[in-house]
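Structure at a glance
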Amino acid sequence: MKLDTLIRGGLVVDGTGLAPRRTDVGLKGAHIHCVGDAVQLDAAHVIDATGLVVAPGFIDIHTHSDMSLLQDGRGQSKVHQGVTTEVTGNCGFSPFPINPQHMQLHQDLLAGIGDDAIAITWRDVEGYRQTAERQGIALNIAPLVGHGALRIAAMGVSSTPANAAQMQCMQDLLAQMLDQGAFGMTTGLTYVPSRYAPTDELVSLCEILARRGRIYATHARDKDLTGADHRYGPLNEALHLGRSTGVRVQFSHAAINTPSEWGSARLWTERFEAAVQDGVDAAFDVYPYDASSSALTQYLPAWVQEGGVAAMRERLQGEAVMARAEADLALGWSANRIPWLWDRVVLARTDGLLGAQEGKTIEAAAAEAGKSPARYTLELCREGGNRVMVVLFYRTEEDMRCFLQCRHALVGSDGSAIPFDQGSRQPHPRNFGASVRVLARLVRDLGDLDLATAIAKMTGGVAARLGLRDRGTLAVGQAADIVLFDPQEVRDRGTYLAPCQKPAGVAHVFVNGVAVIRDGAQTDARPGRVLRAA
Ligand SMILES: [Zn+2]
């Protein structure tokens, strides 16, 4: 027996949370052939892993790489961190199901995840899978179905509740996508059109997920529709869905964004814990930064966006409407009227619209243009639709650390697999460093997490939530998705001003047994697959 690759003498952290141990790992084909002393085995390639950690490749549970990996299959920003699987379709955004009659609305939706438009030639998960694998992707995709896409396919962009036929259509499409291997469904309940769904609509979709044991991942609403225990706020609806349908809930990108509530993460995690103790099958994810990033339109009043991007553009042509929107926006963002701190909102992508420079705050850009920040924001959205992206400094590291230390927390970047060359755009550094930042900042610098726990939150713990049985741990027979890194050197290097940086300390990365990073450099291999939920 000859192994393809023998990884010798590394510190193996197997993804289950168990303590590290020094041993060998042998790869044969796309799988792990042996874990343990393998000195006697012959191998085509031998990697001396002395001084390196050998771990399962990271599974990023919250990404938006749906389109970016079709644009550039290298997935540079992620493979260089050791990410081997991107969980896509989050926050309600997914490139399926597609209703060709609503193609422009689908494209407008997908613009909200920050990529340039590409022609959509498929309709469903299977078509997307074929396209991605034919083009070649360096890492795997575990697809989720976005409720935004589901709703557009069934009823376009409408703020009304679904009628019986539209509801049936959504249920049928969801079932079809799950049949084709989607791992679950997501909502983006502050985004159009996902936000228009009443809780009942989500209940009927979650029942389908629950029956099949698939996950429900939710970017929560900014208001509580359930009228249940007010202490739980935006958590209420997610927990209600978990409780009433039995669906497995993944609460997306937990954060405290309201300045008056900064420092309250402990209270939040205690409530989450109480709900789990009470029988709700729930976990949450968090990214290790003190700033968020999103399409700027997310922060506009709902009525401004009614009907989708084209309708919003049309609406904002009128001066009376513009003035009303400006006054409304100045009251704050989200239903909670979080006060605008315009010097904390930085332009990340403008495509040069209105002469707006990426990297500037809206406060500065608006002042230069001689406009109020609210007016400037509205004009940017009118011109650029969902393409205009911002980074918001509305969080504290203290809260983030508290979230990540909770036993129910997993790591999800909320970023995408994108090239290092971003031109003048300044995407959030989470795209380039979330996974390694956990190892550098939370494990090594702050000592908040031990290495085995941190790695489990990015591997085995994620696989368990997703129902991904053949990945996430280093064990015989598992898919050979593996990362080797130097625990002393590993770190993210991207900053908010210079985000597009390759991390340090990641030596080798294997996807399905094939090296995609060798000695710190990316190979030409594209061994990634669009995975199927079983
Ligand atoms: Zn989100």
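Residues numbered from 1 in each chain as written. Predicted model: local features only at pLDDT ≥ 70, side-chain atom pairs only at ≥ 80, totals over all residues.

Quick notes on the packing of helix 7 (residues 199-212) against helix 8 (residues 235-245)
For any two helices packed against each other, the geometry comes down to the angle between their axes and how far apart the axes lie. At their nearest, the axes of helix 7 and helix 8 sit 9 Å apart, and the two run at 50 degrees to each other. Considering the angle they form, helix 7 stands oblique to helix 8. The two elements helix 7 and helix 8 meet at a crossing, and its hand is right-handed. Across the interface between the two elements, Thr199, Leu202, Val203, Cys206, Glu207 and Ala210 of helix 7 pack against Glu237, Leu241, Ser244 and Thr245 of helix 8. Taken together, the residues of the contact of helix 7 with helix 8 sort by class into five nonpolar, three polar and two charged. (Axes fitted to C-alpha atoms, helices over the stretch in contact; angles between N-to-C directions. Helix = DSSP H or I, 4+ residues; strand = E, 2+ residues; numbered from the N terminus. Parallel < 35°, antiparallel > 145°, perpendicular 65-115°, else oblique. Left-handed = near helix turned anticlockwise from the far one by under 90°. Contact = placed C-beta atoms within 7 Å. Nonpolar A, V, L, I, M, F, W, Y, C, P; charged D, E, K, R; others polar.)

Things to note about the nonpolar core
Judged by nonpolar contacts, the single largest core of 140 residues is most densely connected at Val54 and Leu484. Look past the residues within four positions of Val54 in its chain and what remains in contact with it is Ile7, Gly10, Leu11, Val12, Val25, Ala49, Ile482 and Leu484. Judged by nonpolar contacts, the second largest core, of 27 residues, contains Val345, Ile362, Val390 and Tyr394. (Core = buried A, V, L, I, M, F, W, Y, C linked by C-beta atoms within 7 Å. Buried ≥ 20, exposed ≤ 12 C-beta atoms within 10 Å, placed from the backbone.)

Description of the pairing of strand 20 (residues 514-518)
Within strand 20, four of the five residues are buried, which leaves it mostly tucked inside the rest of the structure. Summarising the sheet, strand 19 (residues 506-511) and strand 20 pair through three bridges and their orientation is antiparallel. Residue pairing in the sheet places Val511 in a bridge with Val514 of strand 20. Counted between consecutive antiparallel strands, the loop separating strand 19 from strand 20 contains two residues, among which Asn512 sits at a positive phi close to 50 degrees. Of the pairings in the sheet, the one linking strand 20 to strand 21 (residues 521-522) comprises two bridges and is antiparallel in character. From the neighbouring strand, Arg518 faces strand 21, where its bridge partner is Ala521. (Pairing = 2+ DSSP bridges.)

What about helix 5 (residues 147-155)?
Residues spaced three or four apart along an α-helix face the same direction, because each turn holds 3.6 residues. Where burial is concerned, most of helix 5 is hidden: nine out of the nine residues are buried. Those residues of helix 5 that fall on the buried side of the exposure criterion are His147, Gly148, Ala149, Leu150, Arg151, Ile152, Ala153, Ala154 and Met155. Where helix 5 is buried, its residues touch helix 3 (103-111), strand 9 (145-146), helix 6 (164-179) and strand 10 (184-188). Phi for Gly156, located one or two positions after helix 5, is positive at around 65 degrees.

Details of the packing of helix 5 against helix 6
With their axes 9 Å apart at the nearest point, helix 5 and helix 6 run at an angle of 130 degrees to one another. One finds that helix 5 runs oblique with respect to helix 6. At the point where helix 5 passes helix 6, the crossing takes the right-handed sense. Contacts between helix 5 and helix 6 involve Leu150, Arg151, Ala153, Ala154 and Met155 from the former and Gln166, Cys169, Met170, Leu173 and Leu174 from the latter. Here the residues of the contact of helix 5 with helix 6 sort into eight nonpolar, one polar and one charged.

Function cannot be read off these values alone, since they describe shape.
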